[in-house]
Amino acid sequence: MSAVYEMPGNRNLDEIGYYDYAATMGIPYFHWGGLSASDRIAELLAINNNTRVLVVGCGTGYSACRIAKNTGCHLIGVDISAEMIKGAQKRATEWGLEDHVEFREGNAYKLDFHDAEFDVLMTEFVSVFLERPRVFREFVRVLRPDGKLGVNELFLADEIPAEVRPKIERALEGFEQAVGLPINIPTMSEWKTYFAEAGLGSISQEIVDYKYRIRETKNTMGGTWRLLRIIGRVTWDMASNGDFRRRMTPIGRLSGVLVRNRETRGYAGAVICVGTKPA
Ligand SMILES: C[S@@+](CC[C@H](N)C(=O)[O-])C[C@H]1O[C@@H](n2cnc3c(N)ncnc32)[C@H](O)[C@@H]1O
């Protein structure tokens, strides 16, 4: 599939948040595990052409459109960022999905839907930014009885050595400032507790296989040439604006700490957690 965005023109780098910047650049998705994780969550949620799906924090809609295209489900995606929704709507049109996919601005804490409207609700790298007890109550409200909540979200290990914890915490603080959203990463057992406290049953958890796939990045971003242009543009923006560079640098630091750094990696990952609303 082609990338959705035109290369951005002049933007105000002093003000733009990380995710909106990334959206204007055409970054297709931000969650751990890439497309295979989206395919897996769709499978675990048993999404098919009769399923009414709500994707909360859909971003630029890549995985939402992929799930809708692969399964034929009826899908609505909401995101608090107008920039993200603009990109997602454009993508749905480009992929010819307008008859069963819709994207609109919306806030996870106050979903503009009736009780029990959806069979499935999912988030990918969104619920870590939200107050779980409050937002899960809202998620469960819009699910029908027997409907499923599924999340693909980061978790931290239960036991983190005392010398490693501050390094992870520092990386998370920097990340939080860069994206402008408070991040709070639960452990696997805490995720389970959030699900149980929201009244969900039959809770399952599966660790997401993290493998970076350069071919996937290239394909989802519109090919090698376009990827190189984006890398060039980001390099230029970072070099030409010191404040922007300082704000954005912690983004790379967090993935270094979680994935590459030998001392700190292995204490975090992503989990797909699924639970069912009682019938
Ligand atoms: C890390 S991005 C993930 C986007 C997408 N799920 C993906 O996997 O690429 C987090 C997204 O959550 C959205 N978001 C943050 N707070 C939100 C809220 N209260 N309600 C709806 N969306 C929210 C952000 O605008 C952003 O698009």
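Residues numbered from 1 in each chain as written. Predicted model: local features only at pLDDT ≥ 70, side-chain atom pairs only at ≥ 80, totals over all residues. Heavy atoms only, no water.

Caption draft 1: Looking closely at the packing of aromatic side chains. Taken as a whole and judged by the stated rule, the model has 16 aromatic pairs. Between Phe136 and Phe195 the ring centres are 5.3 Å apart and the planes differ by 85°, which places this aromatic pair in the edge-to-face class. Of this pair, Phe136 sits in helix α5 (residues 132–142) while Phe195 sits in helix α7 (residues 188–197); the two residues are 59 residues apart in sequence, bridging distant segments of the chain. For the pair formed by Phe136 and Phe195, the shared burial category is buried. Considering the side-chain rings of Trp191 and Tyr194, the 6.2 Å spacing of their centres and the 70° angle between planes classify their relative orientation as edge-to-face. Placement of the pair is Trp191 and Tyr194 together in helix α7, with a separation of three residues, close to one helical turn. In textbook terms, an aromatic cluster arises when at least three aromatic residues are bridged by ring pairs, as seen for Tyr18, Tyr19, Phe30, Phe125, Phe129 and Phe175. (Phe/Tyr/Trp six-rings, centres within 6.5 Å; stacked < 30°, edge-to-face > 60°. Helix = DSSP H or I, 4+ residues; strand = E, 2+ residues; numbered from the N terminus. Buried < 20%, exposed > 50% of the residue type's maximum accessible area, 1.4 Å probe, protein only.)

Caption draft 2: Broad picture of the site of the ligand. The local shell around the ligand holds 20 residues, among which Phe30, His31, Gly57, Asp79 and Glu124 are the closest. Backbone polar atom of Gly57 to a nitrogen atom of the ligand: 2.7 Å apart, as the coordinates give it. Between the ligand and Glu124, the relevant distance is 2.8 Å, taken from a nitrogen atom to a main-chain nitrogen or oxygen of the residue. When the free accessible area of the ligand is taken as 590 Å², the share hidden by the protein chains comes to 96%. Looking at the shell around the ligand residue by residue, the classes come out as 12 nonpolar, six polar and two charged. (Near = heavy atom within 4 Å. Polar contact = N/O pair within 3.5 Å; in protein donor to acceptor, adjacent residues only side chain to side chain. Areas by Shrake-Rupley, 256 points an atom, 1.4 Å probe, with all protein chains shown as cover. Nonpolar A, V, L, I, M, F, W, Y, C, P; charged D, E, K, R; others polar.)

Caption draft 3: Broad picture of the pattern of salt bridges. Tallied over the entire structure, the rule returns 14 salt bridges. A salt bridge links Arg52 to Asp119; the shortest N-O distance between them is 2.9 Å. One end of the pair, Arg52, is in strand β1 (residues 52–56); the other, Asp119, is in strand β4 (residues 118–124), and 67 residues separate them in sequence. Relative accessible area serves as the criterion here: at 34%, Arg52 is assigned to the partly exposed category. (Salt bridge = Lys/Arg side-chain N within 4 Å of Asp/Glu carboxyl O.)

Caption draft 4: The arrangement of the pairing of strand β7 (residues 268–276) in detail. For β7, a buried count of nine out of nine residues is recorded, marking the element as mostly surrounded by other parts of the structure. Here β7 shows a buried face lined by Ala268, Ala270, Ile272, Val274 and Thr276 and a second buried face lined by Gly269, Val271, Cys273 and Gly275. As defined by bridge partners, strand β5 (residues 143–156) adjoins β7 across nine bridges and the pair is classed as antiparallel. Paired with Leu156 across the strands is Ala268, a residue of β7. (Pairing = 2+ DSSP bridges.)

Caption draft 5: Region of interest: the sheet that holds strand β2 (residues 74–79). Reading across the sheet, the seven strands line up as β3-β2-β1-β4-β5-β7-β6 and stay open at both edges, with mixed pairing between neighbours. The open sheet has two free edges, formed respectively by β3 (101–105) and β6 (201–207), since each of these has just one partner strand. The sheet shows a mean angle of 15° between the axes of neighbouring strands, taken without regard to direction. Examined bridge by bridge, β1 and β2 share five bridges and lie parallel to one another. Its bridge partner being in β2, Arg52 is matched across the sheet by His74. Contacting β2 and β3, helix α4 (residues 82–94) runs over the sheet at an angle of about 165° to β3. (Axes fitted to C-alpha atoms, helices over the stretch in contact; angles between N-to-C directions. Contact = heavy atoms within 4.5 Å.)

Caption draft 6: A look at α5. If you check which residues of α5 are buried, you get Arg132, Val135, Phe136, Glu138, Phe139, Val140 and Val142. On its buried face, α5 is in contact with β1, β4, β5 and α7.

Caption draft 7: Up close: the side chain of Thr220. Mapping Thr220 onto the fold places it in helix α8 (residues 214–220). Within polar-contact distance, the side chain of Thr220 engages the backbone oxygen of Thr217 at 3.3 Å.

Caption draft 8: Examining the environment of Gly256 more closely. Here Gly256 shows up in helix α10 (residues 242–260). Remark: the alpha-carbon pair of Gly256 and Ala171, spanning 85 residues in sequence, is separated by 9.0 Å.

Caption draft 9: Main features of the packing of helix α9 (residues 224–240) against α10. Relative orientation of the contacting elements α9 and α10 amounts to 115°, with a least axis distance of 5 Å. The segment α9 lies against α10, with Asp237, Met238, Ala239 and Ser240 engaging Gly242, Phe244, Arg245 and Met248.

Caption draft 10: View of the confidence of the model for the chain. Taken residue by residue, the chain gives an average pLDDT of 91. The fraction at 70 or more is 96%. Below pLDDT 50 for its whole length, residues 1–9 participates in 36 contacts with residues either more than four positions away or in separate chains. (pLDDT = per-residue confidence, 0-100.)

Caption draft 11: View of unusual backbone geometry. Positive phi, normally seen in glycine, also occurs at Ala46, with a value near 55°. Within the secondary structure layout, Ala46 lies in the loop between α2 (34–44) and β1. Unusually for a residue other than glycine, Ala116 sits at a positive phi of about 60°. With respect to the helices, strands and loops of the structure, Ala116 is situated in the loop between β3 and β4. Residue class for Ala116 comes out partly exposed when judged on its relative accessible area of 32%.

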